[in-house]
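Residue-level listing of the chains:
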Amino acid sequence: QVQLVESGGGLVQAGGSLRLSCAASGRTFSLYAMGWFRQAPGKEREFVAAISWSGGNTYYAESVKGRFTISRDSAENTVYLQMNSLKPEDTAVYYCAADDSGSYPYTDQKKYRYWGQGTQVTVSS
């Protein structure tokens, strides 16, 4: 089992920055990839970014590419999401996810076995 705890969400003005963190514990030696998804009220959960644990390869949704950066600290079992140039449409609950297999693409939520509780990000105009 892997446990994920997100932190760093909050309220920020448009154009501002926020950094999310996700700490993994438990059977972290089996991690294959970690990712970030988000869900706005009334909308389906969508892919934001992902990173492979071994190679550090990164993947981004087109809507955040160039503004968000995902990174990881393997020694600390932690993944980060640096969010810059935030827009009101970025407002959502952000979820950290972890995968221990390679059965699905990085953008597919079905790939991820473990999920955090979510952290609220609100971007004001």
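To keep things clear, this report deals only with the structure shown in the data block. No experiment lies behind these values; they were computed from the predicted model shown.

Considering the pattern of salt bridges
For the structure on display, the rule yields 5 salt bridges. The partner of Arg-67 in a salt bridge is Asp-90, and the shortest N-O contact between them spans 2.8 Å. Here the residue Arg-67 occupies a position in the loop between strand E6 (58-60) and strand E7 (68-73), and Asp-90 occupies one in the loop between strand E8 (78-83) and strand E9 (92-99), the gap between them amounting to 23 residues. Like Arg-67, the residue Asp-90 is buried in the burial classification. Lys-111 is the partner of Asp-99 in a salt bridge, and the nearest nitrogen-oxygen pair spans 3.1 Å. Within this pair, whereas Asp-99 is found in strand E9, its partner Lys-111 is found in the loop between E9 and strand E10 (114-115), the two being separated by 12 residues in sequence. Salt bridges here are not isolated pairs; linked through shared partners, they connect Arg-38, Glu-46, Arg-67 and Asp-90.

A closer look at the side chain of Thr-28
Take Thr-28: it is sitting in the loop between strand E3 (18-26) and strand E4 (33-39). Taking the relative accessible area as the measure of exposure, Thr-28 reaches 14% and is therefore buried. Here Thr-28 is in contact with Val-2 and Asn-77, once residues within four sequence places are set aside.

Some details on the packing of aromatic side chains
What the rule picks out here adds up to 6 aromatic pairs. Ring geometry for Phe-37 against Tyr-112: centres 5.4 Å apart, planes inclined by 75°, an arrangement best described as edge-to-face. Taken together, the residues Phe-37 in strand E4 and Tyr-112 in the loop between E9 and E10 connect sequence positions 75 residues apart. For Tyr-112, a relative accessible area of 5% puts it in the buried group. Feature note: the residues Phe-37, Phe-47, Tyr-112 and Trp-115 constitute an aromatic cluster, connected by ring pairs.

Some thoughts on the environment of Ser-85
Among the structural elements, Ser-85 can be located in the loop between E8 and E9. Note on Ser-85: relative accessible area 41%, which makes it partly exposed. Through-space distance from the C-alpha of Ser-85 to that of Ala-50 is 19 Å; in sequence the pair is 35 residues apart. Residue contacts for Ser-85: discarding those within four places in its chain leaves Gly-15, Gly-16, Ser-17, Arg-67 and Asp-90.

Thresholds, definitions, all that
- Residues numbered from 1 in each chain as written.
- Predicted model: local features only at pLDDT ≥ 70, side-chain atom pairs only at ≥ 80, totals over all residues.
- Heavy atoms only, no water.
- Salt bridge = Lys/Arg side-chain N within 4 Å of Asp/Glu carboxyl O.
- Helix = DSSP H or I, 4+ residues; strand = E, 2+ residues; numbered from the N terminus.
- Buried < 20%, exposed > 50% of the residue type's maximum accessible area, 1.4 Å probe, protein only.
- Contact = heavy atoms within 4.5 Å.
- Phe/Tyr/Trp six-rings, centres within 6.5 Å; stacked < 30°, edge-to-face > 60°.

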